[in-house]
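Summary of the model geometry
These are the residues of each chain, in order.
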Amino acid sequence: LPLFGELVGPSPVPGYFAPDMICREITLGKIKSFLEEFTFGVSMIGASGIDGIELHAHQGYLLDEFMTARTNSRADEYGGNLEGRLKLILEMINAVKMACGPDFPISVRYGLTHKLENEMDGGRTIEEGLEIARRLEKAGVSALHIDAGVYETNNWAQPPTTQADGCLVELAALVRKTVGIPVIAVGKLGNPVLAETVLKEGKADFIALGRPLLADPQWPNKVLKKRAVEIRPCLSCNEGCLARTFKGKTISCAVNPCCGNEQTLTVEKSS
């Protein structure tokens, strides 16, 4: 049996995990249906009392594909220039405001640059990334969560041990100089001293943690209680959190075996 079924995308491009398969271009009818379903979903979010949402437009997933020239060669209103490529996410932002109210908080996570060696192939440059920031701010987004990379440059999207701590901070700082809304920094910021420094230096307004919270879910509490020395640090090894999932296994963590197994494993004092 084939590993993948039919692949779909903004345009007929090879699938990343199945390069011998060509994506079928999503029809306008499917885009309309998607927007209707999305609107229903966010109306449920607004009614449930959730504080806000974040649109994930990063790392080569669907919204990033629509926003990017190398994966979006559509000839209709959802392709072409940057205005067309941003049409879908702008319609989603408007749908949130219509369903949840004009002041409902929306953040957008996207890669300021795709970090591709050959930027001429349609990958996002920093200059285009900054223009996207301006347009998202104009659309009424509450905050921008700045990342980098796509699957081809996954060493930026999920920076491993070889990347420096805070390797994406300067990208967030560029956006913070460009827009007036809050900017969220991410990328190997599990050291609380570094995270605090980023905020004090004005390079970002918020710090986002992903893998460090898998390594130690009590990270925020330990920092708050002045017990940062007790934090179990993320190694950025990508073994439990990523490699396992690619093998069809449940998520875990090299330094926290309880991660993903909280109902079956508990840490107890030795007798």
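Note: the structure precedes this text.
Cut-offs and rules
Residue positions are given per chain, counted from 1 along the sequence in the order it is written. Under the rules for a predicted model, residues below a pLDDT of 70 receive no local features and side-chain atom pairs below 80 are neither given nor counted, while totals for whole chains, interfaces and linings still include all residues. The basis for every side-chain value is the complete set of non-hydrogen atoms in the structure, without hydrogens or water. For helices the rule is a DSSP run of H or I covering at least 4 residues; for strands it is a run of E covering at least 2, with both sets numbered from the N terminus onward. Within these notes, the globule rule equals 2.2 Å times the number of residues to the 0.38 power, and the radius of gyration is based on C-alpha atoms. Think of it in three bands: residues with accessible area under 20% of the maximum for their type are buried, residues over 50% are exposed, and the middle band is partly exposed, with areas taken using a 1.4 Å probe on protein chains only. We call two residues contacting when some pair of their heavy atoms lies within 4.5 Å. Distance and chemistry together define a polar contact, namely a pair of N or O atoms within 3.5 Å, with one atom able to donate a hydrogen and the other to accept it when in protein, and with adjacent residues in sequence counting only for side-chain atoms on both sides. Angles here are taken between N-to-C directions and fall from 0 to 180 degrees, while the axes themselves are lines fitted to C-alpha atoms, restricted in helices to the stretch in contact. Relative orientations are named as follows: roughly parallel for angles under 35 degrees, roughly antiparallel for angles over 145 degrees, roughly perpendicular for angles from 65 to 115 degrees, and oblique for any other angle. A clockwise turn of the near helix away from the far one marks a right-handed crossing, whereas an anticlockwise turn of less than a right angle marks a left-handed crossing. Charge counting treats Lys and Arg as positive and Asp and Glu as negative, with His and both chain ends excluded. Between Lys or Arg on one side and Asp or Glu on the other, a salt bridge is scored when a side-chain nitrogen of the former is within 4 Å of a carboxyl oxygen of the latter.

1. Points about the overall build of the protein chain
When its secondary structure is counted, the protein chain shows 11 helices and seven strands. Taking 271 residues into account, the globule formula puts the C-alpha radius of gyration at 18 Å, and the protein chain, at 20 Å, falls close to it. Projected onto the principal axes, the alpha-carbon positions of the protein chain cover approximately 65 × 50 × 45 Å. Classification of the 271 residues of the protein chain by burial places 43% in the buried group.

2. Topic: the environment of Arg135
Within the secondary structure, Arg135 sits in helix α5 (residues 126-138). With a relative accessible area of 31%, Arg135 lands in the partly exposed category. Counting along the chain gives 34 residues from Arg135 to Gly101, while the straight-line C-alpha distance between them is 20 Å. Each residue touching Arg135, except ones within four places of it in the same chain, is listed here: Leu82, Glu83, Leu86 and Leu90. A distance of 2.9 Å separates a polar atom in the side chain of Arg135 from a polar atom in the side chain of Glu131.

3. Overview of the packing of α5 against helix α7 (residues 169-178)
The axes of two packed helices give the description: the angle between them and the distance between them. The contact between α5 and α7 brings their axes to 10 Å, and the two run at 45°. Between α5 and α7, the angle falls in the class oblique. Read as a crossing pair, α5 and α7 show a hand that is right-handed. Along its contact with α5, which presents Ile126, Leu130, Ala133 and Arg134, the element α7 presents Leu171, Leu174, Val175 and Thr178.

4. So, the side chain of Lys97
For Lys97, the location among the structural elements is in helix α4 (residues 87-100). The side chain of Lys97 sits in the buried core without any salt bridge; Asp103 is the nearest counter-charge, 6.3 Å away. Once you skip the residues sitting within four places of it in the chain, Lys97 turns out to touch Pro102, Ile106, Ala139 and Gly140.

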